[in-house]
Amino acid sequence: MRLVLNVIWLIFGGLLLALGYALVGVVLCVLIITIPFGVAAFRMANFTLWPFGRTLVDKPGAGAGSLIGNVLWLILAGWWLALAHIVTGVTQCLTIVGIPLGLANFKLVPISLFPMGKQIVDVDDPMAFTQR
């Protein structure tokens, strides 16, 4: 079922979202000081490309640097991205067929708000949710 949902997700907007995040990641990696934000944008593109069957967990060892980066990200871009995912998710949930896609958009809200200090894991991996 995950495969079917991911393919439908790719067709109905997931690929465009991932390409948008990847393009932003390339632009952010051009400037030296914004490379951590570019890496976070690539992580968001990866998660946006195939969201069903994966989740986000806190990365062990993420400290004050990721907290400061998340605050800067939230102020500059995070709330815009989260608002876009919420509006798109609500719109997709208006139809019965679009409800799983809308829920996937809601799943993207936390990473669009706070991308630093997170890692993407498979939901079937029992060791993914424990601190390593």
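Residues numbered from 1 in each chain as written. Predicted model: local features only at pLDDT ≥ 70, side-chain atom pairs only at ≥ 80, totals over all residues. Heavy atoms only, no water.

A. Main features of the overall build of the protein chain. If you tally the helices and strands in the protein chain, you get five helices and two strands. Going residue by residue from the N terminus, the α and β elements of the protein chain occur as α-α-β-α-α-α-β. Taking 14 Å as the expected radius of gyration for a compact globule of 132 residues, we find that the protein chain reaches 15 Å, a close match to that expectation. Taking the principal axes of the C-alpha coordinates as reference, the protein chain spans close to 40 × 35 × 20 Å. The contacts in the protein chain between residues at least 6 apart in sequence include a share of 72% that link residues at least 24 apart. Total accessible area on the protein chain stands at roughly 7,700 Å², and carbon and sulfur atoms take up 79% of it. Charge centroids of the protein chain, computed over 7 positive and 4 negative side chains, lie 7 Å from each other. (Helix = DSSP H or I, 4+ residues; strand = E, 2+ residues; numbered from the N terminus. Rg over C-alpha atoms; globule rule 2.2 N^0.38 Å. Contact = heavy atoms within 4.5 Å. Areas by Shrake-Rupley, 256 points an atom, 1.4 Å probe, with all protein chains shown as cover. Lys, Arg positive; Asp, Glu negative; His and termini not counted. Charge placed at Lys NZ, Arg CZ, Asp CG, Glu CD.)

B. Representation of the environment of F12 within the structure. Assignment of secondary structure puts F12 in helix 1 (residues 2–30). F12 gets classed as exposed once you look at its relative accessible area, which sits at 56%. As a C-alpha pair, F12 and L28 span 16 residues in sequence and 26 Å in three-dimensional space. Look past the residues within four positions of F12 in its chain and what remains in contact with it is Q92 and L101. (Buried < 20%, exposed > 50% of the residue type's maximum accessible area, 1.4 Å probe, protein only.)

C. Molecular detail of helix 2 (residues 35–49). In this model, helix 2 (15 residues) spans 21 Å end to end at C-alpha, consistent with the 21 Å of a helix rising 1.5 Å per residue. Among the residues of helix 2, F37, G38, A40, A41, R43, M44, A45, F47 and T48 are the ones counted as buried. Looking at the buried side of helix 2, the elements it contacts are helix 1, strand 1 (54–58), helix 3 (64–92), helix 4 (99–107), helix 5 (109–113) and strand 2 (118–122). (Expected span 1.5 Å × (residues − 1).)

D. Representation of the packing of helix 3 against helix 4 within the structure. Remark: helix 3 packs on helix 4, axes separated minimally by 7 Å, with the N-to-C direction vectors making an angle of 165°. Taken together, helix 3 and helix 4 sit at an angle that is classed as roughly antiparallel. Crossing handedness for the pair helix 3 and helix 4: left-handed. Contacts between helix 3 and helix 4 pair H85, I86, T88, G89, V90 and Q92 from the former with I99, L101, G102, N105 and F106 from the latter. Class assignment for the residues of the contact of helix 3 with helix 4 results in five nonpolar, six polar and no charged. (Axes fitted to C-alpha atoms, helices over the stretch in contact; angles between N-to-C directions. Parallel < 35°, antiparallel > 145°, perpendicular 65-115°, else oblique. Left-handed = near helix turned anticlockwise from the far one by under 90°. Nonpolar A, V, L, I, M, F, W, Y, C, P; charged D, E, K, R; others polar.)

E. A look at the nonpolar core. In terms of nonpolar packing, the biggest core is built from 16 residues, with W9, F37, M44, F52, W73, L108 and I111 touching the most fellow members. Considering each element in turn, this core owes the most residues, five residues, to helix 2. (Core = buried A, V, L, I, M, F, W, Y, C linked by side-chain atoms within 4.5 Å.)

F. Expanded view of the environment of S112. Assignment of secondary structure puts S112 in helix 5. Note: C-alpha distance between S112 and A40 (72 residues apart in sequence) is 9.4 Å. If near-sequence neighbours (up to four positions away) are discounted, S112 is found in contact with Y21, M44, W73, G78, L81, A82 and H85. Reaching out from S112, the side chain makes a polar contact with the backbone nitrogen of A82 at a distance of 3.5 Å. A polar contact is formed between the side chain of S112 and the backbone oxygen of V109, at a distance of 2.8 Å. (Polar contact = N/O pair within 3.5 Å; in protein donor to acceptor, adjacent residues only side chain to side chain.)

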